[in-house]
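# A closer look at the structure
Given next are the chains, with one letter for each unit.
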Amino acid sequence: MSHPPGEPSKHWPPPEDRDRVHWHIERELREELLASTPDTREAVTRDVYNRLFEEVPWHRAHVTDAASEEAFEEGWFQQYGALTRPTDTLVDVGCGTGALIRRFAPAVRDCIGIDASDTMVKLADQERPANARFMVGSVLNPPLPPSSADFVVSRQVMEHLHPDDVPEHLAAVRKILRPGGRFLIETPSRLTGPWDISRGFTPVATGFHLKEYTNGELGAMLRDAGFRRVRGRAVPSRILTHLGRMKRHAYVPVAVKAIIERPLQAAPPSLRAKLAGPLAVREVMLIAERR
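Summarised in this report is the structure supplied together with it. (Residues numbered from 1 in each chain as written. Predicted model: local features only at pLDDT ≥ 70, side-chain atom pairs only at ≥ 80, totals over all residues. Heavy atoms only, no water.)

Of all six residues in strand S2 (residues 110-115), five are buried; the element is thus mostly enclosed. Bridge analysis of strand S1 (residues 89-93) against S2 gives five bridges, and the strand direction is parallel. From the neighbouring strand, Val 91 faces S2, where its bridge partner is Ile 112. You can see the chain leave S1, run along helix H4 (residues 99-104) and come back into S2, and the turn it takes is right-handed. In terms of strand pairing, S2 meets strand S3 (residues 132-136) through five bridges, oriented parallel. (Buried < 20%, exposed > 50% of the residue type's maximum accessible area, 1.4 Å probe, protein only. Helix = DSSP H or I, 4+ residues; strand = E, 2+ residues; numbered from the N terminus. Pairing = 2+ DSSP bridges. Right-handed = clockwise from strand over helix to strand, strands pointing away.)

In structure tokens form, the structure reads like this:
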């Protein structure tokens, strides 16, 4: 891996210490996020993320392996690209460096990427597809007109939101979707977590994952927000990739996922980790439609 321009490696901690230093920084900034009020949340979120990327120059957002990133996005598209349509306006909420949009752009009419971090949007703009645009804005309440999107993606975002804000966020996504529009959510599962930088240091997330969810929990919240046909993947991702045209039908009602998760929540962590993958509940992956 190369170092970001202007960030000489001599200023970085030794490789064996980087995760611990990163964790301590995130843990302190996390407290600012949790202590923020609804009125200050957007400004505080933007501030702490910008500070994180400044204080952790070895963060993977800066240090990327282009080939690995491209391979990951290709795999993700092979799994979920079939859920999009050529006429879709796709919105990526929490777009990061724009990698998802770069892969999905050829399959849809146009794309919009939104991120709370100025740093991420600047990186995304460096390789912007012709039918895409990126903007700094609230992922909690995307700055788009009502009924302006057909397909919204929230990948590795939900866990970063203040828990008090999640119902408002789901309602805001529903508002920007056209009737019948689809909302695809991927977020780490609490059953197999923590999945932030605190993994290996604490038994629950204590970094920027302010809360990790289960399929059952998030499915109930989506229904409460006015979504219908809330479904989860019926098979592990490695199988979904090979289902061809059938992959868009390889989903089951989220209630089925919740039934699977209940006994796992009482199981030892080692057993949960072993069974969650084959039972397709290792992560939370849901697709829902606006009524």
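Right, let's talk about the sheet that holds strand S8 (residues 283-290) for a bit. Across the sheet, which stays open at both edges, the eight strands sit in the order S3-S2-S1-S4-S5-S8-S6-S7 with mixed pairing between neighbours. The outermost strands of the open sheet, each flanked by one partner alone, are S3 and strand S7 (251-253). Adjacent strand axes in the sheet meet at a mean angle of 20 degrees when their direction is disregarded. The pairing of strand S6 (residues 227-233) with S7 spans three bridges and is antiparallel. Bridge pairing in S7 links Arg 231 to Pro 253. Sitting on the sheet, helix H9 (residues 254-265) is in contact with S6, S7 and S8, with an inclination near 80 degrees to S7. (Axes fitted to C-alpha atoms, helices over the stretch in contact; angles between N-to-C directions. Contact = heavy atoms within 4.5 Å.)

Moving on: the pairing of strand S5 (residues 177-188). Buried residues dominate S5, accounting for nine of its 12 residues. By the bridge criterion, six bridges tie strand S4 (residues 149-155) to S5 in an arrangement that is parallel. Paired with Ser 154 across the two strands is Ile 185, which belongs to S5. For the crossover that starts at S4, traverses helix H6 (residues 166-176) and ends in the parallel S5, the hand is right-handed. Pairing of S5 with S8, which is carried by seven bridges, proceeds in the antiparallel orientation.

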